[in-house]
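Residue-level structural notes
The chain contents come next:
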Amino acid sequence: MEIPNKDQLTFICKQMADTFKLPFFLFDSKKELIFQTSPNSPQSPIIFYEIEYIKILLDENMCNNYPLIKSTKLLENFLVINLKHNDNCEGAMVVGPFIYEKYPIEILKELISNFGLSNEIKSLLAYYESIPLVKRIDLIRYGIILYYMIYRKELDLQQMLKLNKLKIENVIEDENISLVTSEDNSKHKKLLELIKEGNIEELANLIYVLNEEFEGDYFSNKYQLKIIKSLAISNVILATNSAIKGGLYCEIAYDLSNIYIEKIEDSKDLEYIKNITKEAFIDLVQRVRTSKSDIYSKEITICINFINDHIYDIISVSKLSKLVNLHPSYLSRLFKKETGMLMNTYIQKVRVEESKKLITYSSYSLSEICNLLHFAHQSYFTEVFKRFVGITPYKFLKAENRRHL
């Protein structure tokens, strides 16, 4: 299908820019700027940034034409839609910058210092203050509208969310630039190296480093939650990249990363965020270890990862059998042979482990946890929980409350 010509693309950019009050840029196949409009646009005080820095976002090796959110090391976000015709990349439309929420000044100062831009701190802080706020979901919707204008094809919102989640590697491209503020950064790098190696034992001994980062003196009460969330998400992303380098399948790593990041973003409990970050590190290193040792066949490994990653969904043997293209009966026998337990028993075990975390770290009631994890009713939840843990959920809750007094 023919894409709009330059004049038509320019018209789209002008109309959308005026409607949503966001900057629009058009680039040709050689990454040359052919049009720009910036109503009420913030301008970075870094002179080279305005065009050259945006060009870095354009992928030379892959020309996906679906709307893709890309984030820079300076924490700005951009929406990129490549202009594709007959499998050739004819250019790109770029929208931005924008941010999802206002960053605490402590994070911005730390970031500016990391980049050696302290001389520009006043103007950079003013720049960040002027960047428009846009929700992720709204940004995806803008992309769907633009895509329809360009290609005359409808996109599915859920699919676009999934595709953008799979591109989380674009958030932090350089492991040396992060929000990590530990005085001993070598320990943090060691943690990431241990994930890559699948070294569970040493990582367990060094995991306290994350606590040190979360307990820095730079946390003010006003911004503590936002700062810890940013640190936690940054750490999960870096850990995910290390797991991929260690041999964990990209799809599994990114799906797992998104699950933990969503838990962090949805929580307002500082202790839960700290603990879920450590849990992500441990989970990733264990999966790297498993992938290196090839304990299970490919089909069973896929099933186990799917169960762990979709524990809040309804999971059935028939769904898993379709996933690995095996007959349900054969898959059940294979699962029992390799893991030593029935598939439904394994699913129950994983649900109980997740319920223990929710009881310990969340504010959900036992009945809410029962519903979240798809137990048929609370008495059945109690029966299954006691079978694996040895005590009822209520007694476990009481014991956890006493332990945290």
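The structure under discussion appears in the preceding block.
The model shown is predicted, which means the values in this text are computed figures rather than measured ones. (Residues numbered from 1 in each chain as written. Predicted model: local features only at pLDDT ≥ 70, side-chain atom pairs only at ≥ 80, totals over all residues. Heavy atoms only, no water.)

1. Focus on helix H18 (residues 378–389)
In this model H18 runs 16 Å from its N-terminal to its C-terminal C-alpha over twelve residues, within 8% of the 16 Å that 1.5 Å per residue would give. Residues of H18 that are buried include every one of Phe381, Val384 and Phe385, and no others. Down the axis, H18 shows its buried residues gathered within 100 degrees of arc, on one side only. Downstream of H18 by one or two residues, Gly390 has phi in the positive range, about 100 degrees. (Helix = DSSP H or I, 4+ residues; strand = E, 2+ residues; numbered from the N terminus. Expected span 1.5 Å × (residues − 1). Buried < 20%, exposed > 50% of the residue type's maximum accessible area, 1.4 Å probe, protein only. Arc of directions from axis to C-beta.)

2. Let's talk about unusual backbone geometry
Residues Gly96 and Pro97 are joined by a peptide bond in cis, for which omega reads 10 degrees. Assignment of secondary structure puts Pro97 in strand E5 (residues 88–98). Positive phi, normally seen in glycine, also occurs at Lys31, with a value near 65 degrees. Positioned with a positive phi, His374 is a non-glycine residue whose angle comes to about 60 degrees. Accessibility expressed as a relative area gives 37% for His374, which makes it partly exposed.

3. Remarks on the packing of helix H14 (residues 317–324) against helix H15 (residues 328–339)
Following both chains from N to C, one finds H14 and H15 inclined at 90 degrees, their axes separated by 9 Å at the closest point. With respect to H15, the element H14 is oriented roughly perpendicular. Side by side, H14 and H15 meet where Val317, Leu320, Ser321 and Val324 of the first sit next to Pro328, Leu331 and Ser332 of the second. Taken together, the residues that form the contact of H14 with H15 break down as five nonpolar, two polar and no charged. (Axes fitted to C-alpha atoms, helices over the stretch in contact; angles between N-to-C directions. Parallel < 35°, antiparallel > 145°, perpendicular 65-115°, else oblique. Contact = heavy atoms within 4.5 Å. Nonpolar A, V, L, I, M, F, W, Y, C, P; charged D, E, K, R; others polar.)

4. Some words on the environment of Phe381
Checked against the element boundaries, Phe381 lands in helix H18. You can call Phe381 buried: its relative accessible area is 0%. Sequence spacing of Phe381 and Ser355 is 26 residues, and the spatial spacing of their C-alpha atoms is 9.7 Å. Setting aside its immediate chain neighbours within four residues, Phe381 contacts Ser355, Leu366, Ile369, Cys370, Phe375 and Pro393.

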